[in-house]
Amino acid sequence: MMGPTGEMVFGSLVPVCSENRLRWDLSSEQIVKLCDEVIANTKEVYDCVGALEINSVTFENTLKALADVEVEYTIQRNMLDFPQHVSPCKEVRAKSTEADKRLSEFDVEMTMREDVYQRIVALEKKIDPESITAESQRYMKELIKLGRRNGLHLPKETQEEVKAIKKKLSSLGIDFSKNLNEDITSLSFTREELGGLPEDFLSSLEKDEDKLKVTLKYPHYFPVMKKCFVPETRRKLEEAFNSRCKEENSVILRELVELRAQKCALLGYNTHADFVLEMNMAKTGKKVAEFLEELARKLKPLGDEERAVILKLKEEECQKRGLPFDDILHAWDTRYYMTRVEEIQYAVDQNILKEYFPMEVVTQGLLGIYQDLLGLTFELVDGASVWHPDVMLYCVKDRGSGQMVGQFYLDLYPREGKYGHAACFGLQPGCLLPDGKRQMSVAAMVANFTKPTANAPSLLQHDEVETYFHEFGHVMHQLCAQADYAMFSGTHVERDFVEAPSQMLENWVWEKEPLQRMSRHYKTGKPIPDELLDKLIKSRLANTGLFNLRQIVLAKLDQALHTRTSVDPAEEYGCLSQEILGVPASSGTNMPATFGHLAGGYDAQYYGYLWSEVFSMDMFFTRFKQEGIMNPKMGLDYRKYILRPGGSEDASDMLRKFLGREPKQEAFLLSKGLAVEQDTSTPCPC
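Being a predicted model, the structure only gives us computed values, none of them experimental. (Residues numbered from 1 in each chain as written. Predicted model: local features only at pLDDT ≥ 70, side-chain atom pairs only at ≥ 80, totals over all residues. Heavy atoms only, no water.)

Caption draft 1: A look at the packing of aromatic side chains. All chains considered together, the criterion is met by 36 aromatic pairs. Among the aromatic side chains, those forming a connected cluster through ring pairs are W24, F82, W387, Y409, Y419 and F425. (Phe/Tyr/Trp six-rings, centres within 6.5 Å; stacked < 30°, edge-to-face > 60°.)

Written as structure tokens, this is what we have:
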């Protein structure tokens, strides 16, 4: 659609239903009751489809019936299982976790319905593809592909084995995450033992007699690891952090890996990685291994250089503080000395810098940038029904047409029992309703930034600003996608592309104009001095070798667990960390038991963070950096070609349309501080 002035107008061609159908006041009893109802109502539809005469299947009674119930089921399911991550009430969290387990079992039952699968296969043979939309054809093909990936073409006894394994896998995955969320380990230190930390941090800590209590939640753990100059304090904290849920989660992880291997063997795949990657841009484990190997080879010299600098710093610091120097970079040293590199080589002091990033200013600036860039307007909803008083709800409209786009919740501060990382949760899918109207999308951003108090504002570290920008990028993807089917709504794209849209937007926190909009000194209200801003921007390349090599360690660990047999996770992590980073894993720790991605849907897919960066950097440098990072025309193109399709198109097609060519690796390598070899201007192997 073109507007009267010739610019792109965004708006649904069908009326938008602007109702938020989510409820957050369910008691634990209501969760149990609603769970029963949702299962019964959904099963009824599947039973009807499964009972159809094979020759009487139509688009309406088969595909549309399944698509319609999926919309309803998705909303109800999110209302039931999201509270486990955010509810302040332990009993509600427990019932929500139980509901998630029951619904996950039910999901397995429904995906294993051979009768329903046969009706879809029959429909594909019978229907004229021209009579349905391209997205409906994609939906039908996807359901058939998923049926085969669940073994519905195999003998009944094999199907039953697959079903039993899938149920066990989903239950174990939920337990793994729950154990980490509910972990309340803390350590107590004297003020001296926390030397190097600013007064505002120390005064925010709970007292434990004459000591101060440090939890393993992000707002405590990372500042101590970055700024505490007492190595013994860092050692104790790092060992506790990487030993969280060590006993229970290491057992779960071993079982998860074994069951995944069993399932893929039943389905005729060589490895779990091959099974998973078939649905991604990478397609095979071989391609992922080559990508990681090649990148590690290019980054290794850079990492070695950075490591040498850090060891020199450590030697000087040990001399200065009268400590023995062992010529080893320990796991509890890396963040501290990487921060020192930023301070010494780039003169960026994180404690001074964070004074310019008070939460309210960052939020206001971030929301303003996203509105201007993507042609949207956000409005705070007063008196909204939310799950905790800290939570805010915003309404989003298209600036050009005034049409409702969706709503998002912001839940930004830590609480006991709350999800411990930063993430975006899609809650109400933006897709077509049974009556043909478009349902608006609703999403939540959940994070763990320092909470403001009466005497101290919430001041964000620059990397927290980057996290905020990244996760909010996912929120915008959830809301701006306009697929017809719930299956393709929001961020339902290939898993090794899903990070690209958000990663691309991280670039804004390294550019002058957006940084100025998101910052102001919390006391004086003054902007960041230009000199400090320039140093911060230059520091983007600080430690890039070591940081990215660590991502390669995690990606290789993930691939090893899902391509080889009988791998000991802690041992493998220790070997990779020593070999690639030159940093031994601390004795007695088990980092993989704390690695939520392995149980939370990123199995065999952690490489996707690096893989998708190839595309995010290409998009940024080819379009935005060339044509203006706050250029609204660029923003609308981005919204049109990358965000709007959701998963209704292949990522490679979206990229070609936006870039006007095949993707290349050049910008990605340059962004890592690497020299570009001559052949990288050719399309990347992705």
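Caption draft 2: Broad picture of the environment of P584. Assignment of secondary structure puts P584 in the loop between helix 22 (569-581) and helix 23 (608-627). On the basis of relative accessible area, P584 is assigned to the partly exposed category, the value being 25%. Separated by 35 residues in the primary sequence, P584 and M619 have C-alpha atoms spaced 37 Å apart. Those residues within four positions of P584 in sequence are excluded, and the remaining contacts are I328, L329, A331 and Q578. (Helix = DSSP H or I, 4+ residues; strand = E, 2+ residues; numbered from the N terminus. Buried < 20%, exposed > 50% of the residue type's maximum accessible area, 1.4 Å probe, protein only. Contact = heavy atoms within 4.5 Å.)

Caption draft 3: Here's a closer look at unusual backbone geometry. Positive phi values are uncommon outside glycine, yet D327 reaches one of about 60 degrees. One can find D327 in the loop between helix 13 (285-321) and helix 14 (334-345).

Caption draft 4: Layout of the sheet that holds strand 9 (residues 431-432). The strand order across the open sheet built from three strands is 1-10-9, with neighbouring strands paired in mixed fashion. The strands lining the two open edges of the sheet, one partner per strand, are strand 1 (16-17) and strand 9. Two elements, strand 9 and strand 10 (residues 438-439), share two bridges in a ladder whose sense is antiparallel. Bridging across to strand 10, L432 finds its partner in R438. (Pairing = 2+ DSSP bridges.)

Caption draft 5: Molecular detail of the sheet that holds strand 11 (residues 441-446). Read from one edge of the open sheet, five strands run 5-6-7-11-8, paired in mixed fashion. On the outer flanks of this sheet lie strand 5 (376-380) and strand 8 (423-428), each paired with one strand and no other. Across this sheet, the average inter-strand angle for adjacent strands is 25 degrees, counted without regard to direction. Sheet topology places strand 6 (residues 392-398) next to strand 7 (residues 404-411); six bridges connect them, and they run antiparallel. Paired with Y394 across the two strands is F408, which belongs to strand 7. Here helix 16 (residues 359-374) sits on the sheet in contact with strand 5, strand 6 and strand 7, set at roughly 145 degrees to strand 5. (Axes fitted to C-alpha atoms, helices over the stretch in contact; angles between N-to-C directions.)

Caption draft 6: Here's a closer look at the nonpolar core. With 193 residues, the main nonpolar core has F408, F472 and W508 as its most contacted residues. In terms of residue count, the dominant contributor to this core is helix 13 (ten residues). Apart from the residues within four sequence positions on either side, F408 is in contact with L367, F378, M392, L393, Y394, V396, A443, F472, V475, M476 and L479. (Core = buried A, V, L, I, M, F, W, Y, C linked by side-chain atoms within 4.5 Å.)

Caption draft 7: Spotlight on the packing of helix 24 (residues 632-643) against helix 25 (residues 651-659). Interhelical geometry of helix 24 versus helix 25 gives an angle of 155 degrees and a closest axis separation of 9 Å. In terms of axis orientation, helix 24 runs roughly antiparallel to helix 25. With respect to the hand of their crossing, helix 24 and helix 25 are arranged in right-handed fashion. On the side of helix 24, the interface is formed by M634, D637, Y638, Y641 and I642, while helix 25 contributes M654, L655, K657 and F658. Taken together, the residues of the contact of helix 24 with helix 25 break down into seven nonpolar, no polar and two charged. (Parallel < 35°, antiparallel > 145°, perpendicular 65-115°, else oblique. Left-handed = near helix turned anticlockwise from the far one by under 90°. Nonpolar A, V, L, I, M, F, W, Y, C, P; charged D, E, K, R; others polar.)

Caption draft 8: A look at the side chain of D100. By the element assignment, D100 lies in helix 4 (residues 90-111). Residue D100 is classed as buried on the basis of its relative accessible area, which comes to 10%. For D100, the side chain forms a polar contact with the side chain of R77, separated by 3.2 Å. If we skip the residues at most four places from it in the chain, D100 touches R77, D81, Q84 and I174. (Polar contact = N/O pair within 3.5 Å; in protein donor to acceptor, adjacent residues only side chain to side chain.)

Caption draft 9: Broad picture of the pairing of strand 11. Along strand 11, six of the six residues are buried, which leaves the element largely enclosed by surrounding structure. Side chains S441, A443 and M445 project from strand 11 onto one buried face, and the interleaved V442, A444 and V446 project onto a second face that is buried too. The pairing of strand 7 with strand 11 spans six bridges and is parallel. Paired with Q407 across the bridge in strand 11 is V442. Relative to strand 11, strand 8 runs antiparallel, the two sharing five bridges.

Caption draft 10: Main features of the pairing of strand 7. Taking burial as the measure, the eight residues of strand 7 include eight buried ones, the bulk of the element. Connecting strand 6 to the antiparallel partner strand 7 that follows it, the hairpin turn spans five residues, and G402 within it adopts a positive phi of roughly 75 degrees.

Caption draft 11: Expanded view of the environment of S56. Its place among the elements puts S56 in the loop between helix 1 (28-50) and helix 2 (59-81). On the accessibility criterion, S56 (31% relative accessible area) is partly exposed. For the pair S56 and R119, spaced 63 residues apart in sequence, the C-alpha separation works out to 9.2 Å. Sequence-distant contacts of S56, defined by excluding residues within four places in its chain, comprise N61 and K126.

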